[in-house]
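Results of the structural survey
Below, each chain spelled out in residue letters.
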Amino acid sequence: MGFRENLKAELAYQDILVKELAELSGVNKRTLDNYLREKSNTPPADVAVKIAHALKVSVEYLVTGVDSVVQDKPSETVELFSIYSNLSVVNKRNLLAIARILHGNGSS
C-alpha cells in the first residue's frame, strides 16, 4: 500500500474526517483531498510531516505502511482498515456495533 491507502486507512482507524485533519495539520482540505484521490502523488516531505504529526504516526508509516519503531500493523489489521474505509456510513456503524459485541463492550 502507498501513501494514499495508508492515509485513508489511518483516517478510518482514528475516525477522523479530512476536514478535521486539515485543521489539525494546517494542510488545506483541498490539498488533502488531492492526496486521497486515486491518481495522487506522495506529498512533499514537509507536508507529509505535518500530516503524520497530526495523526501521531510516523511519515515512514504513511509512506510505506511500516514503522521502524513499532513494527507494521498485522496484515489482517491493514486489510480490515482497507475494507472499513470503503464501507458506507451505515455499514461502518454496523461493523463497529458488531466489533463492540465481540469485544464484550456492547455499549455505543
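A brief look at the structure comes next. (Residues numbered from 1 in each chain as written. Predicted model: local features only at pLDDT ≥ 70, side-chain atom pairs only at ≥ 80, totals over all residues. Heavy atoms only, no water.)

**Concerning unusual backbone geometry**
Here is the rule: Secondary structure follows DSSP: runs of H or I at least 4 residues long count as helices, runs of E at least 2 residues long count as strands, and numbering of each begins at the N terminus. We call a residue buried when its accessible area falls under 20% of the maximum for its residue type, exposed when it is over 50%, and partly exposed in between, using a 1.4 Å probe and counting protein chains only.
Here Asp15, not a glycine, exhibits a phi torsion of approximately 55°, which is positive. Position of Asp15 relative to the elements: it lies in the loop between helix 1 (3-14) and helix 2 (18-25). Residue classification places Asp15 among the exposed residues on the basis of a relative accessible area of 61%. For Lys56, which is not glycine, the phi torsion reads 60° and is therefore positive. Secondary-structure assignment places Lys56 in the loop between helix 4 (45-55) and helix 5 (59-64).

**Some points on the pattern of salt bridges**
Two side chains carrying opposite charge are able to pair once their charged atoms lie near each other. What counts is decided by this rule: Within this document, salt bridges are pairs made up of a side-chain nitrogen of Lys or Arg and a carboxyl oxygen of Asp or Glu, the two lying within 4 Å of each other.
Taken as a whole, this structure holds three salt bridges when the rule is applied. Taking the shortest distance from any N to any O, the salt bridge between Arg4 and Glu5 comes out at 3.3 Å. Two residues, Glu38 and Arg4, come together in a salt bridge whose shortest N-O distance is 3.3 Å. A residue pair is termed long-range when its members are at least 10 positions apart, and Glu38 in the loop between helix 3 (29-35) and helix 4 and Arg4 in helix 1 qualify at 34 residues. Look at the salt bridges and you will find they share partners, linking Arg4, Glu5 and Glu38 into a network.

**Regarding the environment of Asn34**
Mapping Asn34 onto the fold places it in helix 3. Along the primary structure Asn34 and Arg4 are separated by 30 residues, whereas in three dimensions their C-alpha atoms are 9.4 Å apart.

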